[in-house]
Amino acid sequence: MAHISVVKPVDKALGTVRQVLFTPFNLIKWLGLGFTAWLASLTEGFSPNFNLMPNNTFDSPASHNALAWMQAHLALVISVGSGMVIVILVVTLGIAWASCRGKFMFLDNVLNNRAEIQAPWRRFSRQGNSLFLFSICFGIAALAILATLGLLLLFVAWPDIGRHNFGINALSAI
């Protein structure tokens, strides 16, 4: 019976990393691999943390003045807000598209021990675009499922919500 070792695959992987990155050391290769790795990971793990209410209060004269101005210019506020949402959506989709193409570029560069940017960008355009469309469709489907589930749970809890009571329906929905 063959002896199974955990150390051998790790040692082989570290040897490959040493060979790709350090034998011989090439700064251009490092920068190319780093750029494609950055491009591939653009959409991974981003979570902004904005503190819009530092004092957790809207009870100041400035906030009352701002609220009055927003109510007086509601059409402008809605227009600017809608424009900002559209710009953010377009930028987010552009970043997601570039990241999908970058995933294939990085994988190709790592597998073939090179640091090309232009050739894999063109060569894997069809696959990258396909991954982008799949991720968009998957996100829309997941959002639809979550919205349906949320509406179903709201429907279950609605009798208790209407009575302002935390009863069995609200508990079931939770």
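So, how was this worked out
- Residues numbered from 1 in each chain as written.
- Predicted model: local features only at pLDDT ≥ 70, side-chain atom pairs only at ≥ 80, totals over all residues.
- Heavy atoms only, no water.
- Helix = DSSP H or I, 4+ residues; strand = E, 2+ residues; numbered from the N terminus.
- Rg over C-alpha atoms; globule rule 2.2 N^0.38 Å.
- Buried < 20%, exposed > 50% of the residue type's maximum accessible area, 1.4 Å probe, protein only.
- Contact = heavy atoms within 4.5 Å.
- Areas by Shrake-Rupley, 256 points an atom, 1.4 Å probe, with all protein chains shown as cover.
- Lys, Arg positive; Asp, Glu negative; His and termini not counted.
- Charge placed at Lys NZ, Arg CZ, Asp CG, Glu CD.
- Patch = residues over 30% accessible without salt bridge, like charges linked within 9 Å, V, L, I, M, F, W, Y side chains within 5 Å.
- Salt bridge = Lys/Arg side-chain N within 4 Å of Asp/Glu carboxyl O.
- 1 Å grid on protein atoms, 1.4 Å probe; cavity = no way out; pocket = protein on both sides within 12 Å on 5 of 7 lines; lining within 4 Å.
- Points joined across faces, edges and corners; volume = space filled by probe spheres on them.
- Expected span 1.5 Å × (residues − 1).
- Axes fitted to C-alpha atoms, helices over the stretch in contact; angles between N-to-C directions.
- Parallel < 35°, antiparallel > 145°, perpendicular 65-115°, else oblique.
- Nonpolar A, V, L, I, M, F, W, Y, C, P; charged D, E, K, R; others polar.
- Phe/Tyr/Trp six-rings, centres within 6.5 Å; stacked < 30°, edge-to-face > 60°.

Engineer: Got a minute to help me understand the overall build of the chain in this structure?
Structural biologist: Looking only at helices and strands, the chain has seven helices and zero strands in total. Mapped in sequence order, the helices and strands of the chain form the string α-α-α-α-α-α-α. Its C-alpha radius of gyration of 26 Å places the chain more than 25% over the 16 Å reference for a compact globule of 174 residues. Taken over the C-alpha atoms alone, the chain extends approximately 70 × 50 × 35 Å along its principal axes. The buried share of the chain, taken over its 174 residues, is 15%. Of all intrachain contacts in the chain linking residues separated by at least 6 positions in sequence, the fraction that spans at least 24 positions is 56%. For the chain, the exposed area adds up to about 13800 Å²; of that, 73% sits on carbon and sulfur atoms. Of note, the chain has its 11 positive side-chain charges centred 15 Å away from the centre of its 6 negative side-chain charges.

Engineer: Quick question: what am I supposed to make of unusual backbone geometry here?
Structural biologist: Apart from glycine, the bulk of residues carry a negative phi angle, and the bulk of peptide bonds sit in the trans form. At the junction of Thr-23 and Pro-24, the peptide bond is cis and its omega measures out at -15 degrees in the coordinates. With respect to the helices and strands, Pro-24 occurs in the loop between helix H1 (7-22) and helix H2 (27-40). Here the phi dihedral of Asn-113 falls at roughly 55 degrees; this positive angle occurs in a residue that is not glycine. Relative to the helices and strands, Asn-113 is located in the loop between helix H4 (74-112) and helix H5 (118-123). At His-164, a position not held by glycine, the phi torsion is positive, near 55 degrees. Within the secondary structure, His-164 sits in the loop between helix H6 (125-163) and helix H7 (168-173).

Engineer: Please clarify how a nonpolar patch on the surface should be interpreted in this entry.
Structural biologist: Together, Phe-22, Phe-25, Leu-27, Ile-28, Trp-30 and Leu-31 line one region of the surface with nonpolar side chains, adding up to about 670 Å² of accessible area. For the nonpolar patch, the element with the highest residue contribution is H2, accounting for four residues. Summarising the element assignment, Phe-22 is placed in helix H1. Overall, Phe-22 belongs to the partly exposed group, its relative accessible area being 46%.

Engineer: Help me understand the layout of surface pockets, please; the structure alone is not making it clear to me.
Structural biologist: The gaps left among the atoms become clear once a water-sized probe is rolled over them. Counted as a void, the largest pocket has a volume near 180 Å³. Among the secondary structure elements, those contributing two or more residues to the lining of the largest pocket are H4 and H6. By residue number, the principal contributor to the lining of the largest pocket is H4, which donates eight residues.

Engineer: What's the story with H4 in this structure? I'm lost.
Structural biologist: Structurally, the α-helix is built with 3.6 residues per turn, so residues lying three or four positions apart point the same way. With 39 residues, H4 extends 57 Å between its outermost C-alpha atoms, agreeing within 8% with the 57 Å of an ideal straight helix rising 1.5 Å per residue. Of the residues making up H4, those classed as buried are Ala-96, Ala-98, Ser-99, Cys-100, Arg-101, Gly-102, Met-105, Asp-108 and Asn-109. Packing partners of the buried residues in H4 comprise H2, H5 and H6. Looking one or two places after H4, you find Asn-113, whose phi comes out positive at around 55 degrees.

Engineer: Would you take a moment to explain the packing of helix H3 (residues 61-72) against H4 for this structure?
Structural biologist: Geometrically, a packed helix pair is captured by the angle between its two axes and the distance between the axes. Closest axis-to-axis distance for the H3/H4 pair is 5 Å, and the angle between their directions is 90 degrees. What the angle tells us is that H3 and H4 run roughly perpendicular. When H3 is examined against H4, the residues Trp-69, Met-70, Gln-71 and Ala-72 are found in contact with a partner set consisting of Leu-74, Leu-76 and Val-77. Residue composition of the contact of H3 with H4, by class: six nonpolar, one polar and no charged.

Engineer: For this particular structure, what's the right way to read the packing of aromatic side chains?
Structural biologist: Aromatic ring pairs are reported here in terms of the distance separating the ring centres and the angle at which the planes meet. Inspection of the entire model under this criterion finds six aromatic pairs. Consider the rings of Phe-25 and Trp-30, whose centres lie 5.7 Å apart with planes at 50 degrees: the pair is tilted. Residue classification places Phe-25 among the exposed positions, given a relative accessible area of 53%. Look at Trp-30 and you get partly exposed, because its relative accessible area is 34%.

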